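# Architecture and fold: a report
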Amino acid sequence: MAPRRSTGRSRSTVILLVLTAITLLTLSGRGFGPLDSARSVVSSAVSPVGDAARWVFGPFSDAWNAAFDHGDLVQRNDELAQENDRLRGELIEGTVATQQLQELLQLVGIPFVGDTPVVHTRVISGSVGNFGDTIELDKGSTSGVVKGMPVITGRGLIGRVKLVGEDRCTVELITGGSFRVGFLVIGTSAVGVAEGFGRPTILRGTNIDVAQTVSDGQIAVTAGLRGSSFPPNIPIGTVQSVRSDESSRQTIVDISMFASTRDLTYADVVLWTPVG
Amino acid sequence: MRTVIRFIMLLLTAVVLQRFLFDQFRIGDIAADAFLVLAVATGVVCGARQGAIIGFCAGLIFDLLVVTPFGLGALSYLVAGAVGGLLEGVVVHSARWITMLVAFIASAAGVLFFALLGSLIGTAGMIGGHLVTVTILVAGSTSVLVLPTRRVVKWASSYSDPLRAAVHS
């Protein structure tokens, strides 16, 4: 009888744990606040360990990464050399284009983030584990950072603050696909919803009314509609490809991001919280 | 009580190892998973039930460190620990390579479960070519790390090998 009782107890223990995990998943899906608070507390508590690790193992870690990414680095070096040559040739043209972009943004009343204050931060680590596109920044609630604030680089939107500790915060990158951002295509009244789908520089924009004409090369910025998690007019990227889905009456676009979410060193947290 | 305290120490050690070591030394941006190693090693040494319990606890701690849906790690590592225990339970003679194979399969099951369930509940970017690489590398590293971890888990669980005990008696 003993083994049967033991098996029964094992089964009930495992079932209890499974039900607990499912309950936690459900609470998490419904945005249960204490779970995020617990994560913030743990993140703050554990981060000194990460800092110490980076200090101690930083040089070894760099050597390790260089060893394993050697092929990539060589290829990337070649690409950069080619790109450098190309950019030298296009420098003047690029300067003109940048001026044109700025003029265009001003013309349609789009100051980059405008007067909204930002907190300059340094990226101190990537994500823990192997899933979930996140980075950790070296500023937190003491600098005014609040959950949900947009995070940008000098070139555009990269993500939003997910967890906040006292002196650091975790940012979920837009390319990870864990959240959506409403966007507006400049020069049109086309609005849609952009989200990542696992590619480092491309977002997918959906829900654009098929009646709106959108074409390659047009600039997408955050729409900042009422209730949006993002302020208006943060540059996102340029429309790369456009196709229509007649069955769902929507236009779908790929957006090539201005900002890259790879190899980030610095980022700015926009001190903006949604209104309404 | 002593066993519980020892396992808590192991879980804390896993946190330090993950942050201190594994996250710093990645291959192709993929890190070994200390929590998964602990879950699988416990399953292998102590059986499916213990593996599931420690897997659940390790997964909960993992969930506190990441931004993926809370509970996903707990459920997935529970599966990995239980699978590790179940597979080891059906093995008659546990050679080292068999333990490594069991660890590989159990951790692969955990990673795949994590990605599939995450994808099912709406987390984007979990399934793709990346998943194959993550599964192989994480399962591979777990199969290597499970051997030293097995010894530590034996210490924590005050495990005594029945065969060895019989020989010494």
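One numbering rule holds for all chains: residues counted from 1, following each sequence as written. Think of it this way: whatever chain is written first is A, whatever ligand is written first is 1, and the rest follow in order. Selection of residues for local features in this predicted model requires a pLDDT of at least 70, selection of side-chain atom pairs for listing and counting requires 80 or more, and totals for whole chains, interfaces and linings are taken over all residues.

## Digging into the overall build of chain B
Under the DSSP-based scheme used, a helix requires at least four consecutive residues in state H or I and a strand at least two consecutive residues in state E, with every element numbered from the N terminus. Broken down by element type, chain B carries seven helices and zero strands. If you list the helices and strands of chain B from N to C, you get α-α-α-α-α-α-α. Compactness check: chain B gives a C-alpha radius of gyration of 15 Å against a globular reference of 15 Å for 169 residues, within 12% of the reference. Dimensions of chain B along its principal axes, counting C-alpha atoms only, are 55 × 30 × 30 Å. Here exposure depends only on C-beta density: within 10 Å of a residue's C-beta, 20 or more other C-beta atoms make it buried, 12 or fewer make it exposed, and intermediate numbers make it partly exposed, the C-beta atoms being placed from the backbone. Buried residues in chain B amount to 59% of all 169 residues. Placing a C-beta atom from the backbone of each residue, one calls two residues in contact when those atoms lie within 7 Å. When contacts within chain B are restricted to residue pairs at least 6 apart in sequence, those whose partners lie at least 24 apart make up 70%. With C-alpha atoms as the basis for the radius of gyration, the globule rule is written as 2.2 Å multiplied by the number of residues raised to the power 0.38.

## Considerations on the confidence of the model for chain A
Confidence of the predictor at the level of single residues is given by pLDDT, which spans 0 to 100. When pLDDT is averaged along chain A, the result is 80, and 81% of the positions lie at 70 or above. Summarising per-element confidence for chain A, the mean pLDDT is lowest in helix α3 (residues 70-107) of chain A (63) and highest in strand β11 (residues 250-257) of chain A (91).

## Quick notes on the packing of helix α4 (residues 72-90) of chain B against helix α5 (residues 96-120) of chain B
Residues and elements named next belong to chain B. Where α4 contacts α5, the axes come no closer than 8 Å and their chain directions differ by 150°. Relative to α5, the element α4 lies roughly antiparallel. In terms of crossing hand, the pair formed by α4 and α5 is right-handed. Along its contact with α4, which presents Leu72, Gly73, Leu75, Ser76, Tyr77, Val79, Ala80, Val83, Gly84, Leu87 and Glu88, the element α5 presents Val102, Ala103, Ile105, Ala106, Ser107, Ala109, Gly110, Phe113, Phe114, Leu117 and Gly118. All amino acids are sorted into three groups, where Ala, Val, Leu, Ile, Met, Phe, Trp, Tyr, Cys and Pro are nonpolar, Asp, Glu, Lys and Arg are charged, and the leftover types, Gly among them, are polar. Residues of the contact of α4 with α5, tallied by class, amount to 15 nonpolar, six polar and one charged. Axis lines are fitted through C-alpha atoms, for helices just across the contact stretch, and the angle between N-to-C directions can take any value from 0 to 180 degrees. By definition in this entry, angles of less than 35 degrees are roughly parallel, angles greater than 145 are roughly antiparallel, angles of 65 to 115 are roughly perpendicular, and the rest are oblique. Here a crossing is taken to be left-handed if its near helix is turned anticlockwise relative to the far helix by less than a right angle, and right-handed if that turn runs clockwise.

## Here's the deal with the sheet that holds strand β8 (residues 202-209) of chain A
Residues and elements named next belong to chain A. With antiparallel pairing, the six strands of this closed barrel are ordered in space as β6-β7-β8-β11-β10-β9. Neighbour to neighbour, the strand axes of the sheet diverge by 40° on average, direction disregarded. When DSSP locates at least two bridges between a pair of strands, those strands are taken to pair. Here strand β7 (residues 191-196) pairs with β8 via four bridges, running antiparallel. Opposite glutamate 195, over in β8, you have arginine 204 as the bridge partner.

## Structural notes on the interface of chain B and chain A
Contact with chain B, which involves 44 residues of that partner, is made by 42 residues of chain A. Counting only elements with at least two residues in the side of chain B that touches chain A, the list comes to α1 (2-22), α3 (48-65), α4, α5 and α6 (129-156) of chain B. If one sorts the elements of the side of chain B that touches chain A by residue count, α3 of chain B sits on top with eight residues. Class assignment of the residues belonging to the side of chain B that touches chain A gives a composition of 30 nonpolar, ten polar and four charged.

## A few points about the environment of valine 134 of chain B
Structurally, valine 134 of chain B is set in helix α6. Owing to 25 C-beta atoms within 10 Å, valine 134 of chain B belongs among the buried residues under this scheme. Expressed as a C-alpha distance, the spacing of valine 134 of chain B and leucine 86 of chain B, which sit 48 residues apart in the sequence, is 23 Å. Ignoring sequence-local partners within four residues, the contact set of valine 134 of chain B consists of Asn130 of chain A together with Ile30 and Val111 of chain B.

## Concerning the sheet that holds strand β4 (residues 156-164) of chain A
Residues and elements named next belong to chain A. Ordered in space as β1-β2-β5-β4-β3-β12, the six strands form a closed barrel in which the pairing is antiparallel. This sheet shows a mean twist of 45° between the axes of neighbouring strands, independent of strand direction. One ladder, built from two bridges, connects strand β3 (residues 150-153) with strand β12 (residues 266-270); its direction is antiparallel. Each bridged residue has a counterpart across the sheet, and for isoleucine 152 the counterpart in β12 is aspartate 268.

## Some words on the packing of α5 of chain B against α6 of chain B
All names here are of chain B. Direction vectors running N to C along α5 and α6 enclose 140°, while the axes themselves pass 7 Å from each other. Taken together, the axes of α5 and α6 lie oblique to each other. In terms of crossing hand, the pair formed by α5 and α6 is right-handed. On α6, the residues touching Arg96, Thr99, Met100, Ala103, Phe104, Ser107, Ala108, Val111, Leu112 and Ala115 of α5 are Leu131, Val134, Thr135, Val138, Ala139, Gly140, Thr142, Ser143, Val146, Leu147 and Arg150. Looking at the contact of α5 with α6, its residues break down into 13 nonpolar, six polar and two charged.

## Describing unusual backbone geometry
Residues and elements named next belong to chain A. A positive phi angle is found at asparagine 207, which is not glycine, with a value near 65°. The residue asparagine 207 is located in strand β8 in this model. Taking the C-beta count within 10 Å as the criterion, asparagine 207 has 17 such neighbours and is therefore assigned partly exposed. You will see that asparagine 233, though not glycine, has its phi angle at about 75°, which is positive.

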